[in-house]
Amino acid sequence: MGVLKDFFNLVKGMTITGKHLGRHAVTIQYPEQKMEMFERSRGVVVLLSDKETGELNCTMCMLCMRACPTAAIQIDAPRDENKKRVLNSFVIDNTLCCYCGLCEEACNFCAIKMAPLYEFSTWNKDDLVWDVKKLQEMGRDVPYEDTRKKKPAAADKPAAEKKPAAAANPGADAKPAAPEAKPAAPEAKPAAPEAKPAAPTEKPEETKDEAAPSKAEPSDDDKKGDV
Amino acid sequence: MSPLRTEEFTINMGPHHPSTHGVCRLILTMDGEKVLKVEPVIGYLHRSIEKICENRTYVQCVPLFDRFEYVTSMSCNMVFSLAVEKLAQIEVPERAEYLRVIMLELNRIASHLLFYGVTAMDIGALTPFLYGLRERELIVDLFEMTCGQRLTYNYIRPGGVSRDIPPEFIPKCREAVKIITEKMSDYEGLLNENPIWKVRNVGIGYLSAEDAIAWGVSGPVARASGVSYDIRKNDPYSIYDRFDFEIPVHHNGDCYDRYLQRLAEIKQSLRIVTQALDGLPEGEIQPKKKINAITFKPPAGEVYARVENSRGELGTYVVSDGTNKPLRVKMRGGSYNQLQALPIMIKDCLIADLVAIFASLDVIMPEVDR
């Protein structure tokens, strides 16, 4: 009887093994094969560009900066004499980012998005502070649904007006010089680390203080945002 | 020659001990292998979330609550949202309520599956870990598909939820529920009658119902001691009063019953998810007057909100002074009380049993330390 029982157990075990024989593998060979991320996956923050003109969608309304709970987004865009905002710098510190996605929700112009990209590790911590050029480059191929309210005449006009301002930015020529853009990126980096050492300690309080009084002042942006 | 004598000695378990599920230090007073006294030392994972909340706006607090108890972040989002909604008298749309319940219950299942795997691994069985995490993956994928993250969801917000579910969510969710329902027999078959598992768990770490109440223990640990108390039934929040489910109760109060209790709760959660999927209405997911992340100001006042988490009562006390930032936020996690009750559970236990008891409490340190 014992032999029979052992034999039965053996058959039972082999049946289970047989069931799994034809099953496909669940593991993937990472560097060659890559996992398909969900479209909504919140990876790294990127800046999106217009699909036709290739310019940044950003209108420098600063809503994302104020929505960010960790002050990872720093925008410097003072108004010029025509009360138009001119983008001096748009820096995202990926070491501070907590990937909550509030910036993306605050944006009404499809300008900032948490893209399903996850390969952005570096050897140097300072390389994780990204400027506008790098952010635009990362967002180049990110698909997105353009939900901006198109006001045909009005939308064209500011875009045309913005052109000179945007051209002054490196953003516009980044596209044709795609291979060149890479060497340009490390060039830009030394500038960022210089600003960094002071940043980690001062940033949180600084921006909080800034954000609090400014709450009442740029309410025109808020209204725009609520529409 | 002096006679042989023994003396008590003190050893440290942790803070970096794999079975402490985080960084908890236990100072043990030992008599040989026997544990005489245990003194938990907490604070290694303190991040002062409560204080940070005071200079964030209400919506910005939600990601912080994600980090409060990261295994069931949905509950943490939920408890803060409930508090703010109570404070500002916000009406939550019907669809958002259903989505919340689906997410909360899926998260509870995911948490209990993690418990199933990790506890078994602490005691020395590797296979349950693979089983438990295999099915947890299905749920985590559902979350990622909906809100974009696998752990810190930031999904349930004051007023509703951040995003509607994608169209493929419902079929995938139904499939996941079906798979987990089928696999429940596998889980039970693997451990329930396993002689090693029973020797390690039955009668170990007894906690009486009186002690459980006295120490403020709640959740599955209290219910395994015979305290039939579940906030979903006793003080229903959201729309839990509409669903047909039971509160399982076990009476022995030992490690084995705590394990059985959690498996029984998975089954009830599966029932709730199925009912919520069936009843899911169409509609809005945010109130008509959408809450602005920066300028939202609830009226001055104070409020306590609580939900039933997979680790007991999860509560938050929010004091508002009428500005866009909370004046004070206090968090209450179930793990804290369960950890405090540990010293009374160690009667006559060996050091190996201590690992089993600690695992059966399913304590998670960020919830203790905040």
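See the structure printed just above.
The model shown is predicted, which means the values in this text are computed figures rather than measured ones.

K.L.:
Now, about the overall build of chain B: what can you tell me, with residues and values included?
P.N.:
Per the secondary structure count, chain B includes 15 helices and eight strands. Since a compact globule built from 370 residues should have a radius of gyration of about 21 Å, the 21 Å found for chain B is in line with a globular shape. Here the C-alpha coordinates of chain B stretch approximately 85 × 45 × 35 Å along the principal axes. Expressed as a percentage of its 370 residues, the buried residues of chain B come to 59%.

K.L.:
Let's hear about the interface of chain A and chain B: which residues, and what values?
P.N.:
Facing 21 residues of chain A, the contacting portion of chain B comprises 27 residues. Together, the buried faces of chain A and chain B total about 2,100 Å²; carbon and sulfur atoms form 46% of this surface. Across the contact surface, chain A and chain B share two salt bridges. Two residues, R163(B) and E104(A), come together in a salt bridge whose shortest N-O distance is 3.1 Å. Broken down by secondary-structure element, the contributors of at least two residues to the side of chain A that touches chain B are α2 (63–67), α3 (102–106), α7 (199–214) and α8 (219–226) of chain A. When grouped by side-chain class, the residues that make up the side of chain A that touches chain B number 11 nonpolar, one polar and nine charged.

K.L.:
Describe the sheet that holds strand β6 (residues 301–309) of chain B, and please don't skip the residues or the numbers.
P.N.:
Residues and elements named next belong to chain B. Pairing is antiparallel across the open sheet formed by three strands, whose spatial order is β6-β7-β8. Each edge of the open sheet carries a strand with a single partner, namely β6 and β8 (326–332). Adjacent strand axes in the sheet meet at a mean angle of 15° when their direction is disregarded. In this sheet, β8 lies alongside strand β7 (residues 312–320) in antiparallel orientation, the contact comprising six bridges. From the neighbouring strand, V318 faces β8, where its bridge partner is V329. Against the sheet, helix α3 (residues 73–88) makes contact with β6 and β7, and its axis sits at roughly 150° relative to β6, the strand it touches most.

K.L.:
Give me the lowdown on the sheet that holds strand β1 (residues 9–13) of chain B, citing residues and values where you can.
P.N.:
Residue and element names in this part refer to chain B. Across the sheet, which stays open at both edges, the three strands sit in the order β1-β2-β3 with antiparallel pairing between neighbours. Looking at the sheet topology across the chains shown, the edges are occupied by β1 and β3 (34–41). Ignoring which end each strand starts from, the neighbouring axes of this sheet average 25° apart. Two elements, β1 and strand β2 (residues 25–31), share five bridges in a ladder whose sense is antiparallel. Among the inter-strand pairings, F9 is bridged to a residue of β2, identified as M30.

K.L.:
I'd like a description of the pattern of salt bridges, backed by residues and values.
P.N.:
Residue and element names in this part refer to chain B. Taken as a whole and judged by the stated rule, the model has 32 salt bridges over all chains. E105 serves as the salt-bridge partner of R108, at 3.1 Å between the closest nitrogen and oxygen. Pair noted here: R108 and E105 are both in helix α4 (residues 94–123), with a separation of three residues, about one helical turn. Across the pair, exposure class does not vary: R108 and E105 are buried alike.

K.L.:
I'd love a proper account of the packing of α4(B) against helix α5 (residues 127–147) of chain B, names of residues and values included.
P.N.:
Residue and element names in this part refer to chain B. At a minimum axis distance of 8 Å, the contact between α4 and α5 shows a crossing angle of 155°. Compared by their axis directions, α4 and α5 come out roughly antiparallel. Seen along the crossing, α4 lies across α5 with a hand that is left-handed. Of α5, the residues touching α4 (which contributes M103, L106, N107, I109, A110, L113, L114, Y116, G117, V118, A120 and M121) are P128, F129, G132, L133, E135, R136, I139, L142, F143 and T146. Residues belonging to the contact of α4 with α5 are distributed by class as follows: 16 nonpolar, four polar and two charged.

K.L.:
Go over the pairing of β6(B), please, and point to the residues and values.
P.N.:
Residues and elements named next belong to chain B. The pairing of β6 with β7 spans nine bridges and is classified as antiparallel. Along β7, the bridge assignment pairs N309 with G312. In textbook terms, the turn of a hairpin is the stretch between consecutive antiparallel strands, and for β6 and β7 this stretch comprises two residues.

K.L.:
For helix α6 (residues 169–191) of chain B, give the residues involved together with the corresponding values.
P.N.:
Residue and element names in this part refer to chain B. If you check α6, its first and last C-alpha atoms are 32 Å apart, about what 23 residues at 1.5 Å a residue would give, namely 33 Å. At K183, α6 is bent by approximately 30°, the largest bend along its length. When α6 is considered as a whole, its buried residues turn out to be F169, C173, A176, V177, I180, M184, Y187 and L191.

K.L.:
How would you explain unusual backbone geometry if you had to name every residue and give the values?
P.N.:
Leaving glycine aside, a negative phi is the common case for residues, and trans is the common case for peptide bonds. All names here are of chain B. Even without glycine at this site, D362 takes up a positive phi of about 55°. With respect to the helices and strands, D362 occurs in the loop between α14 (351–361) and α15 (365–369). Under the relative-accessibility criterion, D362 is labelled buried at 5%. Its identity is not glycine, yet R370 carries a phi of approximately 60°, on the positive side. Along the polypeptide, R370 turns up in the segment after α15.

K.L.:
How would you summarise the state of the cysteines if you had to cite specific residues and measurements?
P.N.:
Residues and elements named next belong to chain A. Within the structure shown, the criterion is met by zero disulfides over all chains. Note on C107: no disulfide assigned, nearest cysteine sulfur contributed by C61 at a separation of 6.0 Å. Residue class for C107 comes out buried when judged on its relative accessible area of 17%.

K.L.:
Please provide a residue-by-residue account of the packing of helix α2 (residues 58–66) of chain B against α3(B), values included.
P.N.:
Residues and elements named next belong to chain B. Relative orientation of the contacting elements α2 and α3 amounts to 150°, with a least axis distance of 8 Å. When the interaxial angle is binned, α2 and α3 end up roughly antiparallel. Considering only the axes of α2 and α3, their crossing is right-handed. Each of Y58, C61, V62, F65 and D66 in α2 lies in contact with α3, whose residues at this interface are S73, C76, N77, V79, F80, V84 and L87.

What counts, and where the lines are drawn
Residues numbered from 1 in each chain as written. Chains lettered and ligands numbered in written order. Predicted model: local features only at pLDDT ≥ 70, side-chain atom pairs only at ≥ 80, totals over all residues. Heavy atoms only, no water. Helix = DSSP H or I, 4+ residues; strand = E, 2+ residues; numbered from the N terminus. Rg over C-alpha atoms; globule rule 2.2 N^0.38 Å. Buried < 20%, exposed > 50% of the residue type's maximum accessible area, 1.4 Å probe, protein only. Contact = heavy atoms within 4.5 Å. Buried area = accessible area lost by both parts, 1.4 Å probe. Salt bridge = Lys/Arg side-chain N within 4 Å of Asp/Glu carboxyl O. Nonpolar A, V, L, I, M, F, W, Y, C, P; charged D, E, K, R; others polar. Pairing = 2+ DSSP bridges. Axes fitted to C-alpha atoms, helices over the stretch in contact; angles between N-to-C directions. Parallel < 35°, antiparallel > 145°, perpendicular 65-115°, else oblique. Left-handed = near helix turned anticlockwise from the far one by under 90°. Expected span 1.5 Å × (residues − 1). Bend = angle between axes of the 7 residues up to and from the residue. Disulfide = S-S within 2.5 Å.

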